[in-house]
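# Descriptive structure summary
Listed below are the residues making up each chain.
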Amino acid sequence: MDLLEYQVKEWFGEIGIPVLPSQRIDHPTDLKRLKIRYPIVLKSQVHAGDRAKAGGVRIVETTIDAVAAAQNIFNLPIWGELPEVVLAESKYDASQEFYLAVVLDTAICRPILLGCQEPDVDWELAGEKMQHVVVEQEFSPFYARRLALKMGLQGALMQSVSTVLEKMYQLFIQKDLDLVEINPLAINNSGEVMALNGKVRVNERAIGRHPEIAAMAAKIANYHGTNQINARFGEWDSLAMHGRIGILGNGTGSMMATCDLVASAGGKPGMCLNLRHASIIDTSPTTFGDRLVKGLNILAADKSIQVILINLLGSIPQPKAAATAIVDFVLGNKGELPSSVVRSNGNKREHLSPNLVIRLAGSELNAAKDVLAPLEAHDDGLIVVENLDEAVAAAVSLVKSPAYKKAS
Amino acid sequence: MNLTPDSKVIIQGFYEFISATHIAQMKAYGTNLVAGVDPGCGGQEIYDLPVFDLVEEVVDKFGAIDTTIICVHPYQVLDAALEAIASGISQIIIISAGVPPLDMVQLLRKAEAGETLVVGPNSPGIIVPGKILLGTQPSEFYTPGSVGIVSRSSTLTYEVAWELTKAGLGQSISVSIGSDAIVGSSFLQWLQILDEDDSTEAIVLVGQPGGGSEEAAARYITEAIDKPVVAYIAGRQAPPGKTWRQTGTLVTVVGRPPNFGTAQCKIAAFEAAEVPVAERPSLIPELLKKAML
């Protein structure tokens, strides 16, 4: 999860990374009560990049100009995203600008410090200009000095840049980040450093232990609308595919293997969800059964999905409860759709409940099979298979069957 | 590795991913489970195991412990593992999934320094079919034999084991090293263990997108492994992972290939190492039989 610039700067300020005086603007009229001095920079608070080119950054000298510019920015979507907030910030005269970052390299299982003597690096060529230092053992400030020296800095500037890196690392550890970036770090004529823009990526696995981040995450989810499937979809360990066969697996590997098999059998995989983990935004404890119900509802609400293929092998907690959840889903779908599935324009979608193909293997799942058997016998669009290849073949042929030709 | 039935085993925590069934299964398999550790529940019995508040209390009572199986809440995994290390336990299996990566970084630094073997997180553990079960692997899919399995995915480990069993190929040792982004032991460590294991004649390696451990394994197989190896990589259809930047991640900075982490990159590495790659799990037995000739 990425934070917005103004949120990043609040964190920077708290940890002691120098940031300019700034003020959060929720509405253009807020500029009448501005506490910082002109000239100011107004910046659109969106996640998308390239906002300066798109017109999301404006320098203004007076209140009248500021209100007009803010009105403009509030109404300017950048890559489809409208800002909820605009940041007003003092202007800074930089004589030099650098790039700094701390990032977790999962391939070597260590954090890395990155630095470059120019901001806005061309990432295709970054290998030549970017310096890096691997934080092998517990962090100590010498790692930061090592990077600053590799960047070619000396004396007081080397010291002040490495102090910023040290603070970035503290923030990285304290808030469980995947990335903290300052781009650019500006240096003025007297050698003072200033973080002009920053980026923070929070690790999704750790959100639950930071109540303030969990609250931010919930707000982001709400802002994007609880009815939008994409918003909910993004909270899961998942693959965003666009075919007609939705996939639920109990584990990343299983989910991906099923997706591969569907594709190689000539089918088009749709959304694939891993049921082994809870949603990263919903931090309340869940059970496998809860996640199964949610997963089924998410897939059922995707109008392009005609068949849901569930691959369960070996041990799942409470197999009987899981099977009951599937039965409830099938029976529930024969009647009215749950209200959460009704689309935002208020129209119920033309209802065609997806068929279910369930792959169950393992003696622990026998109880689940017993629960599902009566439904299967009544031909309620439910197929239970033990062999994975057969389950995939069944799902693929269901999509191709004439009954679905009329589907939207 | 102490993978014998006399090895003393404890369980730390009884969170979501372990149940009475798992524990009964381990006991039925002959695993020497001596106790559970669950802070606040000392003195009780959970799933027929005596429970203690601290690992060191178990050591005081039963002597040195060989293996701990950690099933606490993911946010308590680091603490539980550090407690186990402090009590002299050198084999740690972490079943819990979703451990914050920076906790794993810290644990790995400690484990590497003390030569502790950490399997997982997000792992169902290790099974030596017919002999010992350390974790939650469903033993019903296994049969004793000579094929070693090392995998990065839990369910795919059983998937492969079952395909082998159906094809009449038994298994010697099967381990899932865990499917989280950062895990303890590596493919290299397990290839080495399986290569040295007398009962293993051939190896199946199961990989998935992310990181570079399959590529490293492919190079290692060329250099150091004499036994036949067959690979299966899930995730051919998976779109490239969420990266820090679309155009260049750490890849360009630290000099990795542009398709780093993809299934395609891993498959190419195995092909270059002349390791047969199965297109789907059900084709593994056939490739193995050919390779074992």
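These notes cover the structure that comes with them. (Residues numbered from 1 in each chain as written. Chains lettered and ligands numbered in written order. Predicted model: local features only at pLDDT ≥ 70, side-chain atom pairs only at ≥ 80, totals over all residues. Heavy atoms only, no water.)

### Focus on the overall build of chain B
Quick note on the threshold: Helix and strand definitions here come from DSSP, where helices need a minimum of 4 consecutive H or I residues and strands a minimum of 2 consecutive E residues; each element is numbered from the N-terminal end. Radius of gyration here is computed from C-alpha atoms only, and the compact-globule reference equals 2.2 Å multiplied by the residue count raised to the power 0.38. Burial here depends on accessible area, computed with a 1.4 Å probe over protein chains only, as a share of the maximum for the residue type. Under 20% is buried, over 50% is exposed, and the range in between is partly exposed. Contact criterion: two residues are considered in contact whenever any of their non-hydrogen atoms come within 4.5 Å of each other.
Looking only at helices and strands, chain B has ten helices and 14 strands in total. What you see for chain B is a C-alpha radius of gyration of 19 Å, in line with the 19 Å of a compact globule of 293 residues. Overall, chain B is about 55 × 45 × 30 Å in size when its C-alpha atoms are taken along their principal axes. When the 293 residues of chain B are sorted by exposure, 61% land in the buried category. Of the contacts formed within chain B by residues at least 6 apart in sequence, a portion of 72% connects residues at least 24 apart.

### Brief notes about the side chain of B:Glu215
Examined against the element boundaries, B:Glu215 turns out to sit in helix H7 (residues 213-224). Discounting chain neighbours no more than four positions away, the residues touching B:Glu215 are B:Gly261, B:Thr262, B:Cys265, B:Lys266 and B:Ala269.

### Remarks on the sheet that holds strand E13 (residues 269-274) of chain A
Residue and element names in this part refer to chain A. The condition that has to hold: Strand pairing follows a simple DSSP-based rule, namely that at least 2 bridges must link the two strands. Structural elements are reduced to axes, namely lines fitted to C-alpha atoms, with helices fitted over the stretch in contact, and the angle between N-to-C directions of any two is expressed from 0 to 180 degrees.
Across the sheet, which stays open at both edges, the six strands sit in the order E11-E13-E12-E14-E15-E16 with mixed pairing between neighbours. Two strands in the sheet have a free side with no partner beyond their single neighbour: strand E11 (238-239) and strand E16 (382-385). Pairing between strand E14 (residues 307-313) and strand E15 (residues 355-361): seven bridges, direction parallel. The residue bridging leucine 309 from the neighbouring strand is valine 357, located in E15. The strands that helix H9 (residues 252-264) touches are E11, strand E12 (245-249), E13 and E14; relative to E13, the one it contacts most, it runs at about 165°. Against the sheet, helix H12 (residues 366-377) contacts E15 and E16, and its axis sits at roughly 140° relative to E16.

### Concerning the environment of A:Tyr143
Among the secondary structure elements, A:Tyr143 is positioned in helix H5 (residues 141-150). With residues near it in sequence (within four places) discarded, A:Tyr143 still touches A:Leu113, A:Val133, A:Val134, A:Val135, A:Glu136, A:Gln137 and A:Glu138.

### Description of the environment of A:Ile36
All names here are of chain A. Mapping isoleucine 36 onto the fold places it in the loop between strand E1 (22-25) and strand E2 (40-44). For isoleucine 36, a relative accessible area of 12% puts it in the buried group. Remark: the alpha-carbon pair of isoleucine 36 and leucine 147, spanning 111 residues in sequence, is separated by 35 Å. Contact partners of isoleucine 36, with chain neighbours within four places excluded, come to Pro21, Ser22, Gln23, Ala88, Glu89 and Ser90.

### A few points about the pairing of strand E10 (residues 144-151) of chain B
Residues and elements named next belong to chain B. Short version of the rule: For the handedness criterion, the strands are oriented away from the viewer, and a crossover whose path from the first strand over the helix to the second runs clockwise is classed as right-handed.
Taking burial as the measure, the eight residues of E10 include six buried ones, the bulk of the element. Across five bridges, E10 lies against strand E11 (residues 171-176) in parallel orientation. What sits directly across from valine 150, in E11, is valine 175. Handedness of the crossover joining E10 and E11 through helix H5 (residues 154-166) is recorded here as right-handed.

### Thoughts on helix H1 (residues 5-15) of chain A
Residue and element names in this part refer to chain A. Taking burial as the measure, the eleven residues of H1 include eight buried ones, the bulk of the element. For H1, the complete set of buried residues consists of Glu5, Tyr6, Gln7, Val8, Lys9, Trp11, Phe12 and Ile15. At the exit of H1 stands glycine 16, carrying a positive phi of roughly 95°.

### Section: H7(B)
All names here are of chain B. Stated formally: An expected span of 1.5 Å times one less than the residue number is assigned to each helix.
With twelve residues, H7 should reach 16 Å at 1.5 Å per residue; the first-to-last C-alpha distance of 16 Å fits that figure. Of the positions making up H7, those classed as buried are Glu214, Glu215, Ala217, Ala218, Tyr220 and Ile221. Buried positions along H7 lie against helix H6 (187-196), strand E12 (202-207), strand E13 (229-233) and helix H9 (263-272).

### Details of the packing of H1(A) against helix H6 (residues 155-174) of chain A
Residue and element names in this part refer to chain A. Threshold: When an angle is under 35 degrees it counts as roughly parallel; over 145 it counts as roughly antiparallel; between 65 and 115 it counts as roughly perpendicular; any other value is oblique. Put simply, a crossing is left-handed when the front helix is turned counterclockwise from the back one by less than a right angle, and right-handed when it is turned clockwise. In this classification, the charged set is Asp, Glu, Lys and Arg, the nonpolar set is Ala, Val, Leu, Ile, Met, Phe, Trp, Tyr, Cys and Pro, and all remaining amino acids, among them Gly, are polar.
The N-to-C vectors of H1 and H6 enclose an angle of 115°; their axes lie 10 Å apart at closest approach. Relative to H6, the element H1 is oriented roughly perpendicular. You can see that H1 and H6 cross each other, and the crossing is right-handed. Of H6, the residues touching H1 (which contributes Trp11, Phe12 and Ile15) are Lys167, Gln170, Leu171 and Gln174. Class assignment of the residues belonging to the contact of H1 with H6 gives a composition of four nonpolar, two polar and one charged.

### Re the environment of A:Asp328
Residue and element names in this part refer to chain A. Mapping aspartate 328 onto the fold places it in helix H11 (residues 319-334). For aspartate 328, a relative accessible area of 48% translates into the label partly exposed. For the pair aspartate 328 and phenylalanine 12, spaced 316 residues apart in the sequence, the C-alpha separation amounts to 49 Å.

### What about the pattern of salt bridges?
Counted only if it meets this: We define a salt bridge as a side-chain nitrogen of Lys or Arg found within 4 Å of a carboxyl oxygen belonging to Asp or Glu.
Taken as a whole, this structure holds 23 salt bridges over all chains when the rule is applied. Salt-bridge contacts for B:Glu163 lead to B:Lys166; the nearest nitrogen and oxygen are separated by 3.8 Å. Pair noted here: B:Glu163 and B:Lys166 are both in helix H5, with a separation of three residues, about one helical turn. Of the residues examined, B:Glu163 reaches a relative accessible area of 10% and is grouped as buried. Connected via shared salt-bridge partners are A:Glu5, A:Lys9, A:Lys43, A:Arg51 and A:Glu89.

### Re the interface of chain B and chain A
Note the cut-off: By definition, the buried area sums, over both parts, the 1.4 Å-probe accessible area that each loses when the two are put together. Pairs of N or O atoms within 3.5 Å make up the polar contacts considered here, provided that, within protein, one atom can donate a hydrogen while the other can accept it, and that residues adjacent in sequence are counted only when both atoms are side-chain atoms.
Counting residues at the interface gives 61 residues for chain B, matched by 73 residues for chain A. Of the roughly 5,100 Å² buried at the junction of chain B and chain A (both faces included), carbon and sulfur atoms supply 56%. Counting the contacts that link chain B with chain A gives 15 residue pairs in polar contact (both at pLDDT 80 or more). Those elements giving two or more residues to the side of chain B that touches chain A turn out to be helix H1 (20-28), helix H4 (101-114), H5, E13 and helix H8 (250-254) of chain B. Among the elements that make up the side of chain B that touches chain A, the one with the highest residue count is H4(B) (eight residues). A class-by-class count of the residues in the side of chain B that touches chain A yields 28 nonpolar, 19 polar and 14 charged.

### Considering unusual backbone geometry
Here the residue pair A:Tyr38 and A:Pro39 is connected by a cis peptide bond, since its omega of 0° sits within 30 degrees of zero. In this fold, A:Pro39 is placed in the loop between E1 and E2. Residue A:Asn183 is joined to A:Pro184 through a cis peptide bond whose omega torsion reads 10°. With respect to the helices and strands, the residue A:Pro184 is situated in strand E8 (residues 177-187). Its identity as a non-glycine residue notwithstanding, A:Cys109 has a phi of 60°, on the positive side. Along the chain, A:Cys109 turns up in the loop between strand E5 (96-105) and strand E6 (110-116). The backbone of B:Glu115 shows a phi angle near 55°, a positive value even though the residue is not glycine. Counting through the fold element by element, B:Glu115 comes out in the loop between H4 and strand E7 (117-119).

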